[in-house]
Amino acid sequence: MNHNVFETLTGMYFTVDDPDGSYATGQVIRLAAEGLYFVRFDGNEVTLPLELVSIGEMLETTEEEYKLWRFFDTIEERDKWIEWLDAPSKPRVISLVKPTKPEGDPPPHR
């Protein structure tokens, strides 16, 4: 593959899904070798060391064919995705009974 193709991931931000339903975030730091990148996962209080990740790992999908890794050009784009992902779903109330319209005055009570 062309070296420039591999360089396109350098500097990109990512999310990666975990099997337990959580996700991790980080940034692709630089190309280490063909098909291998140094990435840094975000830490809560300390900067974590670089880790090596292969293109194969980045392309993995779940059994349902969902991508585990998602890439973003900017941290703002990634944060927008995370905000959408973490937002609670809004339930919708759908009436299954057609409302009746009153016709004229109600009948008198006895």
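First, a word on what this report is: a plain description of the structure on this page.

Quick notes on the rules
Residues numbered from 1 in each chain as written. Predicted model: local features only at pLDDT ≥ 70, side-chain atom pairs only at ≥ 80, totals over all residues. Heavy atoms only, no water. Salt bridge = Lys/Arg side-chain N within 4 Å of Asp/Glu carboxyl O. Helix = DSSP H or I, 4+ residues; strand = E, 2+ residues; numbered from the N terminus. Core = buried A, V, L, I, M, F, W, Y, C linked by side-chain atoms within 4.5 Å. Buried < 20%, exposed > 50% of the residue type's maximum accessible area, 1.4 Å probe, protein only. Phe/Tyr/Trp six-rings, centres within 6.5 Å; stacked < 30°, edge-to-face > 60°.

### What about the pattern of salt bridges?
(1) Moving on: For the coordinates displayed, the defined rule picks out two salt bridges.
(2) Moving on: Salt-bridge contacts for Asp17 lead to Arg70; the nearest nitrogen and oxygen are separated by 3.0 Å. Of the two residues, Asp17 sits in strand β1 (residues 13-17) while Arg70 sits in strand β5 (residues 69-72), which places them 53 residues apart along the sequence.

### A look at the nonpolar core
(1) Moving on: Of all hydrophobic cores here, the largest spans 13 residues; its most connected members are Phe14, Val28, Tyr37, Val39, Met58 and Trp69.
(2) Moving on: Broken down by element, this core gets its largest block of residues, three residues, from strand β3 (residues 36-41).

### Re the packing of aromatic side chains
(1) Moving on: This model, assessed by the stated rule, comprises six aromatic pairs.
(2) Moving on: Ring geometry for Trp81 and Trp84: centres 5.2 Å apart, planes at 35°, overall tilted. Of this pair, Trp81 and Trp84 are both found in helix α3 (residues 75-86), three residues apart, which corresponds to roughly one turn of the helix.

### Notes on unusual backbone geometry
(1) Moving on: Positioned with a positive phi, Glu65 is a non-glycine residue whose angle comes to about 70°.
(2) Moving on: One can find Glu65 in the loop between α2 (55-58) and β5.
(3) Moving on: On the basis of relative accessibility, which here comes to 60%, the residue Glu65 falls in the exposed class.

By themselves, these are just geometric observations and shouldn't be taken as functional.
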